[in-house]
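For reference, the chains in residue letters:
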Amino acid sequence: MLKGFFYGLTCRLLLFTVATVAVTWCVINQLGWWLILSGCIWLYACRLIYLLYRQNARKIAFMFDAIDNSDYAFQYATRGRSLSDKLVSESLNRITRILFQAKAEAVQKENIMS
């Protein structure tokens with residue numbers, strides 16, 4: 001459970017907040033070397049948040065590509081590294097099931113009409 005926390009958005013935002021406070025404190029107190037260290041940690045936290053954003057954006061793009069190709073056979077793993085990752089994957093799987101059911105119903109109605 002603790003491992004999943006480190007991969008989640010909460011931990012990344014907490015690191016970003018602490019690093020922002022540290023950078024601000026170093027600027028106010030004119031602490032050069034500590035400013036460089038806390039600035040590097042701040043940049044690292046920004047990168048972690050960006051990578052999480054890209055990971056979720058790639059999942060959504062993959063889902064839309066699959067839907068465009070009428071491929072509903074994919075499913076995202078719900079055993080993610082964090083609770084938020086699991087929630088995103090479950091939500092995308094649910095959207096896929098809803099779209100698959102809607103398409104199946106449309107095909108069935110079309111077959112009945114013909």
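Residues numbered from 1 in each chain as written. Predicted model: local features only at pLDDT ≥ 70, side-chain atom pairs only at ≥ 80, totals over all residues. Heavy atoms only, no water.

Chemist: Would you mind going over the overall build of the protein with me for this structure?
Modeler: A count of helices and strands for the protein gives four helices and zero strands. In sequence order, the secondary structure elements of the protein are arranged as α-α-α-α. Compactness check: the protein gives a C-alpha radius of gyration of 22 Å against a globular reference of 13 Å for 114 residues, more than 25% above the reference. Overall, the protein is about 80 × 25 × 15 Å in size when its C-alpha atoms are taken along their principal axes. Here the analysis covers contacts within the protein between residues at least 6 apart in sequence; of these, 57% occur between residues at least 24 apart. (Helix = DSSP H or I, 4+ residues; strand = E, 2+ residues; numbered from the N terminus. Rg over C-alpha atoms; globule rule 2.2 N^0.38 Å. Contact = heavy atoms within 4.5 Å.)

Chemist: Sorry, what's going on with the pattern of salt bridges here?
Modeler: Side chains carrying opposite charge are able to pair once their charged atoms draw close together. This structure, assessed with the given rule, holds one salt bridge. Across the salt bridge formed by Glu90 and Lys86, the nearest N and O atoms sit 4.0 Å from each other. On the criterion of helical spacing, the pair formed by Glu90 and Lys86 is a turn pair, its members being four residues apart in helix α4 (residues 83–113). Relative accessible area serves as the criterion here: at 35%, Glu90 is assigned to the partly exposed category. (Salt bridge = Lys/Arg side-chain N within 4 Å of Asp/Glu carboxyl O. Buried < 20%, exposed > 50% of the residue type's maximum accessible area, 1.4 Å probe, protein only.)

Chemist: Mind showing me how you'd approach the confidence of the model for the protein here?
Modeler: It should be kept in mind that the predicted coordinates are not to be read in detail where pLDDT is low. The pLDDT averaged across the protein works out to 86; a share of 91% of its residues lies at or above 70. Of all helices and strands in the protein, the one with the weakest mean pLDDT is helix α1 (residues 2–7) (60), whereas helix α2 (residues 9–28) scores best (94). (pLDDT = per-residue confidence, 0-100.)

Chemist: Just to check I follow, could you spell out α2 for this structure?
Modeler: Think of an α-helix as 3.6 residues a turn; residues three or four steps apart then line up on the same face. Taking 1.5 Å per residue, 20 residues should reach 28 Å; α2 reaches 28 Å between its end C-alpha atoms and fits that length. When α2 is considered as a whole, its buried residues turn out to be Cys11, Arg12, Ala19 and Cys26. All buried residues of α2 project into a common sector of 95° when viewed along the axis, lining one side. In α2, the exposed positions angled more than 90 degrees off the buried face are occupied by Thr10, Val21, Trp25 and Ile28. Among the residues trailing α2, Gln30 stands out with phi positive, at a value near 55°. (Expected span 1.5 Å × (residues − 1). Arc of directions from axis to C-beta.)

Chemist: Looking at this structure, how should I read the nonpolar core?
Modeler: It is characteristic of soluble globular proteins that their nonpolar side chains tend to be buried jointly. Within the largest apolar cluster, seven residues are counted, these being Met63, Ala66, Ile67, Tyr72, Phe74, Tyr76 and Leu92. When residues of this core are assigned to their parent elements, the largest contribution, three residues, is made by helix α3 (residues 32–68). The contact partners of Met63, leaving out residues within four places of it in the chain, are Phe74, Tyr76, Leu92, Ile95 and Thr96. (Core = buried A, V, L, I, M, F, W, Y, C linked by side-chain atoms within 4.5 Å.)

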